[in-house]
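Survey of secondary and tertiary structure
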Amino acid sequence: QLCGRTAQLSAKKTVLVILMAAAIALFFALGLDSYLTLESLKESQENFAALQEQSPWMMAFAAFAIYVVVVALSLPGATIMSLAIGALFGFWAGVLLVSFASTMGATLAFLASRYVLRDWVQRRFGDKLRGVNEGMAKEGAYYLFMLRLVPVFPFFLINLLMGLTPIRTGTFYWVSQAGMLPGTLVYLNAGTQLGRIDSLSGIFSPEVLLSFALLGVFPLVAKHVVQAMRRKS
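Residues numbered from 1 in each chain as written. Predicted model: local features only at pLDDT ≥ 70, side-chain atom pairs only at ≥ 80, totals over all residues. Heavy atoms only, no water.

1. Here we look at the overall build of the protein chain
Operational definition: Working definition: helices are DSSP H or I runs of at least four residues, strands are E runs of at least two. Numbering for both runs from the N terminus. When a residue's accessible area, from a 1.4 Å probe over protein chains only, is under 20% of the maximum for its type it is buried; when over 50% it is exposed; and in between it is partly exposed. Two residues form a contact once any of their heavy atoms are found within 4.5 Å. Each accessible area is a Shrake-Rupley estimate made with a 1.4 Å probe; only the visible protein chains count as cover when residues are assessed.
Each helix and strand in the protein chain was counted, giving 9 helices and 0 strands. In the protein chain, the succession of α and β elements from N to C terminus is α-α-α-α-α-α-α-α-α. Here the protein chain holds 233 residues, and 36% of them are scored as buried. Sequence-distant contacts in the protein chain: of pairs separated by 6 or more residues, those separated by 24 or more amount to 79%. Accessible surface for the protein chain amounts to roughly 14000 Å². Of this, 69% is attributable to carbon and sulfur atoms.

Spelled out as structure tokens, the structure:
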């Protein structure tokens, strides 16, 4: 019975990996990545704005669902989608959409990594990972918050690697949402300003320059905040 259950579980994991790989391959095969660029965003802005005006709730649901899928499958384009949502829905509505969609997508990626890989990784490298497991059990929330606040590693890589650790799913969710919120605010603010650009001269307006300056300054500020928190703890 045990061997049968193990084989069944392995088959389910294989099917999940195949489905995810197929979805990612289809995304690139259909050229959908070309739509998630800044140039495409500016070209399609008026069309999206018209659709948003006609069916605001449907557009909000579509944007939310697409964002979740993009993050869950670790596809490129989440940053551009944040800018687009800021331009289309405004700052505060955009905060609700992006904050929850990004966290839900990250949690799905986290759970997929945990379901498919954690048991194998822990069996194979359990002795070498003992210190990591103990550290994550004690201060996992802090380490995750630091990684979210200061984007040292790629966003998708954090989701996948955290799935291999003992951190609880609930902890991963709320720490991710809190840690990603400052960056979300910065990107959405930049998106709202991007939506107001009608000509090349608009790029040099104080509001737009400030928004994009924040994108560059935020990681440095976040790093100093984390260091200050570390010194106090």
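2. Describing helix α4 (residues 78-89)
Counted only if it meets this: Between the first and last residue of a helix there are one fewer steps than residues, each counted as 1.5 Å, and that sum is the expected span.
Its 12 residues place the ends of α4 16 Å apart at the C-alpha level, agreeing with the 16 Å of an ideal helix rising 1.5 Å per residue. All of the buried residues along α4 are Ala78, Ile80, Met81, Ser82, Leu83, Ala84, Ile85, Gly86 and Phe89. Gly90 lies just past α4 and shows a positive phi near 85°.

3. So, the layout of surface pockets
Selection criterion: A cavity, in this analysis, means grid points on a 1 Å lattice covering only the protein atoms where a 1.4 Å probe fits yet has no way out; a pocket is instead an open set bounded by protein on both sides within 12 Å along at least five of seven lines, and a residue lines either one if it has an atom within 4 Å of a point. Grid points are joined across faces, edges and corners, and a volume is the space filled by probe spheres set on the points. Basically, the charged four are Asp, Glu, Lys and Arg, the nonpolar ten are Ala, Val, Leu, Ile, Met, Phe, Trp, Tyr, Cys and Pro, and anything else, Gly included, counts as polar.
There is about 500 Å³ of room inside the second largest pocket. As for the second largest pocket, its lining consists of 22 residues, of which Tyr35, Leu36, Phe48, Ile66 and Met81 are closest to the centre. Those elements that provide at least two residues to the lining of the second largest pocket are α2 (38-54), α3 (56-72) and α4. When the residues that make up the lining of the second largest pocket are grouped by side-chain class, the tally is 19 nonpolar, 3 polar and no charged.

4. Digging into the environment of Phe100
Tracing the backbone shows Phe100 in helix α5 (residues 91-125). Placed 81 residues apart in sequence, Phe100 and Leu181 show a C-alpha to C-alpha distance of 9.7 Å.

5. Overview of the packing of aromatic side chains
How we decide: Each pair of aromatic rings taken from Phe, Tyr and Trp, with Trp reduced to its six-membered ring, is defined by centres within 6.5 Å and is described as stacked if the planes are under 30 degrees apart, edge-to-face if over 60, and tilted in the remaining cases. Definition used: whenever NZ (Lys) or CZ (Arg) falls within 6 Å of the ring centre and also within 35 degrees of the ring normal, the charge is taken to sit over that ring.
All chains considered together, the criterion is met by 4 aromatic pairs. The ring centre of Tyr115 lies 5.8 Å from the NZ or CZ of Lys13, which sits over that ring.

6. Regarding α3
The terminal C-alpha atoms of α3, which comprises 17 residues, lie 24 Å apart, in line with the 24 Å expected from a rise of 1.5 Å per residue. Every buried residue of α3 is listed here: Met59, Ala60, Ala63, Tyr67, Val68, Val70, Val71 and Ala72. Ser74 occupies a position one or two residues after α3 and carries a positive phi of about 55°.

7. Quick look at the environment of Gly86
Examined against the element boundaries, Gly86 turns out to sit in helix α4. The class of Gly86 is buried, set by a relative accessible area of 2%. Residues Gly86 and Leu185, spaced 99 residues apart in sequence, show a C-alpha to C-alpha distance of 9.4 Å. Residue contacts for Gly86: discarding those within four places in its chain leaves Leu188, Gly191 and Thr192.

8. Digging into the packing of α3 against α4
Convention followed: For every element, the axis is a line fit to its C-alpha atoms; helices are fit only across the contacting stretch, and the angle between N-to-C directions ranges from 0 to 180 degrees. Here the word oblique covers every angle except those under 35 degrees (roughly parallel), over 145 (roughly antiparallel) and from 65 to 115 (roughly perpendicular). Handedness of a helix crossing follows the sense of rotation of the near helix relative to the far helix, less than a right angle counterclockwise being left-handed and clockwise being right-handed.
Packing of α3 against α4 leaves a shortest axis separation of 10 Å and a crossing angle of 165°. As the angle between them shows, α3 and α4 are arranged roughly antiparallel. As α3 runs across α4, the sense of the crossing is left-handed. Contact residues: α3 offers Pro56, Met59, Ala60, Ala63, Ile66, Tyr67, Val70 and Val71, while α4 offers Ala78, Met81, Ser82, Ile85 and Phe89.

9. With respect to the confidence of the model for the protein chain
For clarity, the threshold we go by: What pLDDT expresses is the predictor's confidence in each residue, scored from 0 to 100.
Taken over all residues, the pLDDT of the protein chain has a mean of 80, while the share at 70 or more is 76%. Predicted confidence in the protein chain is weakest over helix α9 (residues 206-232), with a mean pLDDT of 61, and strongest over α3, with 94. In this model, residues 198-204 is a region of pLDDT below 50 whose contacts with residues beyond four sequence positions or in other chains number 6 contacts.

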